[in-house]
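# Remarks on the overall topology
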Amino acid sequence: MEVKRYAARKVLLKKGVLLRNAVVQVAEDGTILSIANITDEEAAKEGLPIHDGYLCAGFINAHTHSELAFLDGLFLPGGSMAAFLRQIDALRLQFDEEQIRTAQARGYETFAKEGIVAYADISNDASTAYFKKNERFRSITFVEMFGVNSKLGEEAYEVGKKVLKEFKKQGVTAYMTPHATYSVSATLWELMRSQLERAPIFSLHYAETAQEIDFLKNNAGAIYDLFHRDWKRRVEAYNMKEMEKCLEYYGAEHKHILLVHGVALTPFMVAFIRSAAPEATIVPCPESNLFIEGRLADYDMLRASNIRIAVGTDSLSSSPSLSILKQLQVINTYYPHIPVEELLVWATQNGAEACMFDGLGFLEANIRPGLNLIKMPNVESNSLQGATVQPLADLKGFSNL
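All figures in this text were calculated on a predicted structure; none of them were measured in a lab.

The next point concerns the overall build of the protein. Looking only at helices and strands, one finds 14 helices and 14 strands in the protein. When the 401 residues of the protein are sorted by exposure, 57% land in the buried category. Put simply, 71% of the contacts in the protein that link residues at least 6 apart link residues at least 24 apart. When the accessible surface of the protein is totalled, it reaches about 16,400 Å², and 50% of it is carbon and sulfur.

Given below as structure tokens:
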């Protein structure tokens, strides 16, 4: 059995615990064999370079849409959620199956190159089952439901059941999930109830924009106008109080709820979520948040609340990349005081816990969590600018990238 050893100035263990000047020994199947300190003298004697940067577990992408890789570069940034939804509605381009599958394959290659070992994926069809049934990653798939009134909701639910059945037929771990607060009718929530009660986890786009909060609280604003005035659709979505009751209900069932984006969350809203749904996780997608809303989540407020934070990339329709490191670099630029090791915990252990990926997200002997080297020009500077990620091992063995 081949064994490799990698050393770095900082090695990230569980919960942000750091070993300085440490070496990780990994087997060819990706199993971590040992983690131990090493001096500069010992490393020099063994011819082992100590890299400037961090060794950490493989990244967890806690929110992405891998099926939408073919939409790369087609949308314009800015203008908020209503403008983005208008662009989606106006898009009438036709893509054949080969184009879609080729784009999806590029997306998976990017995951591997960026050190991602597991991901939570939003799907509207079963096209990604082709990759997922034989992938080198771990994944959880959410079959996304949206329908703003009873008629649309009933139609969506019937389609969703077929998509879910196809994923399960292919051996893919998949669950039904609501899309967003403003796009799911009360009828559709009720239709999904049995699915959500059986599932341990679901995902929900939540507080992504100020327009969404206006919709929930006041039944008004740009999203409301888009559905009613422009699209002539009757909207029967929950208001804020009803949405909170929904979170309370599933929170009491100890569901892992991925609340994606969270840009418009307030301290009061976060305090409610922590109380009502203790296993909930806020999953911002920084590049997408800047693309759509022009601002980031309030990370200082989220950190002060002690709610779990994970990291997603969203899709290439709203994000320029599928890189978790780039998401962390954006946060690091706007919030340079947050320790890099804390950001790495969000992207590793917190993501694994949020998505229920046991045995991933941290470095420890006798597990296979993947292994990334985050190279930094100055590891003591707390700056990720200029940093790169080099995957050293994935869930199946040494990286050949």
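Next comes the rest of the write-up.
Turning our attention to the confidence of the model for the protein. Averaged over every residue, the pLDDT of the protein is 90; residues scoring 70 or more account for 90%. In this model, residues 80-93 is a region of pLDDT below 50 whose contacts with residues beyond four sequence positions or in other chains number 35 contacts.

Moving on, we come to the sheet that holds strand β6 (residues 116-123). Taken in spatial order, the 4 strands line up as β5-β6-β7-β8 in an open sheet, and their pairing is parallel. Every other strand in the sheet has two partners, leaving β5 (59-64) and β8 (174-178) as the edge strands with one partner each. Between one strand axis and the next, the sheet turns through 20° on average, direction left out of account. Pairing of strand β7 (residues 138-145) with β8, which is carried by 5 bridges, proceeds in the parallel orientation. When the bridges of β8 are listed, V143 appears paired with M176. Of the strands in this sheet, β7 and β8 touch helix α6 (residues 186-198), which is tilted by about 150° from β8.

Where burial is concerned, most of strand β13 (residues 371-375) is hidden: 4 out of the 5 residues are buried. Here 4 bridges tie strand β4 (residues 50-56) to β13, and the two strands are oriented antiparallel to one another. Within the sheet, the bridge partner assigned to Y54 lies in β13 and is I374. Two elements, β13 and strand β14 (residues 388-393), share 5 bridges in a ladder whose sense is antiparallel. Looking across to β14, one finds that L371 is bridged to A393.

Another point: the packing of helix α13 (residues 324-334) against helix α14 (residues 340-355). The description of two packed helices rests on the angle between their axes and on the distance between the axes. Two elements in contact, α13 and α14, have axes whose closest approach is 11 Å; the angle formed by their N-to-C orientations is 140°. One finds that α13 runs oblique with respect to α14. For the element pair α13 and α14, the recorded crossing hand is right-handed. Contacts from I324, L328, I331 and N332 in α13 reach V340, L343, L344, W346 and A347 in α14. Taken together, the residues that form the contact of α13 with α14 break down as 8 nonpolar, 1 polar and no charged.

Moving on: the nonpolar core. In a soluble, globular protein the nonpolar side chains are often hidden away together inside. Of all hydrophobic cores here, the largest spans 86 residues; its most connected members are F59, W189, Y206, L265, I273 and I374. Looking at this core, the element that brings in the most residues is α14, giving 6 residues. Apart from the residues within four sequence positions on either side, L265 is in contact with Y206, A207, V270, I273, I282, M301 and L302. The next biggest cluster of nonpolar side chains, apart from the first, holds 20 residues, and it includes I140, L258, A352 and L360.

Checked against the element boundaries, Y175 lands in strand β8. Judged by its relative accessible area of 23%, Y175 is partly exposed. Remark: the alpha-carbon pair of Y175 and K165, spanning 10 residues in sequence, is separated by 9.8 Å. When sequence neighbours within four positions are dropped, the list of residues in contact with Y175 reads I140, T141, F142, V143, L164, A199, P200 and I201.

According to the stated counting rule, one finds 14 aromatic pairs in the structure shown. Between Y119 and F137, the aromatic rings sit 6.0 Å apart at their centres with planes inclined by 80°, giving edge-to-face as the arrangement. Within this pair, whereas Y119 is found in strand β6, its partner F137 is found in the loop between α4 (129-132) and β7, the two being separated by 18 residues in sequence. Neither Y119 nor F137 differs from the other in exposure class; each is buried. Measuring from ring centre to ring centre gives 5.8 Å for W189 and Y238, while their planes differ by 15°; the resulting arrangement is stacked. One end of the pair, W189, is in helix α6; the other, Y238, is in the loop between α8 (222-230) and α9 (240-252), and 49 residues separate them in sequence. In this pair, the class of W189 matches that of Y238, namely buried. Taken together, the aromatic side chains of Y108, F111, Y119, Y130, F131 and F137 make up a single cluster linked through ring pairs. The cationic tip of K4 hangs over the ring face of F398; the distance from NZ or CZ to the ring centre is 4.4 Å. Its end group placed over the ring of Y249, R193 keeps NZ or CZ at 5.0 Å from the ring centre.

Of all the 6 residues making up strand β10 (residues 256-261), 6 are buried; the element is thus mostly covered by neighbouring parts of the structure. Pairing of strand β9 (residues 201-206) with β10 involves 6 bridges; the strand directions are parallel. Across the sheet, L204 pairs through a bridge with L259, a residue of β10. For β10 and strand β11 (residues 281-283), the ladder comprises 3 bridges, and the chain directions are parallel. Within β11, the residue paired with V260 across the bridge is V283.

What counts and what doesn't
Residues numbered from 1 in each chain as written. Predicted model: local features only at pLDDT ≥ 70, side-chain atom pairs only at ≥ 80, totals over all residues. Heavy atoms only, no water. Helix = DSSP H or I, 4+ residues; strand = E, 2+ residues; numbered from the N terminus. Buried < 20%, exposed > 50% of the residue type's maximum accessible area, 1.4 Å probe, protein only. Contact = heavy atoms within 4.5 Å. Areas by Shrake-Rupley, 256 points an atom, 1.4 Å probe, with all protein chains shown as cover. pLDDT = per-residue confidence, 0-100. Pairing = 2+ DSSP bridges. Axes fitted to C-alpha atoms, helices over the stretch in contact; angles between N-to-C directions. Parallel < 35°, antiparallel > 145°, perpendicular 65-115°, else oblique. Left-handed = near helix turned anticlockwise from the far one by under 90°. Nonpolar A, V, L, I, M, F, W, Y, C, P; charged D, E, K, R; others polar. Core = buried A, V, L, I, M, F, W, Y, C linked by side-chain atoms within 4.5 Å. Phe/Tyr/Trp six-rings, centres within 6.5 Å; stacked < 30°, edge-to-face > 60°. Lys NZ or Arg CZ within 6 Å of the ring centre and 35° of its normal.

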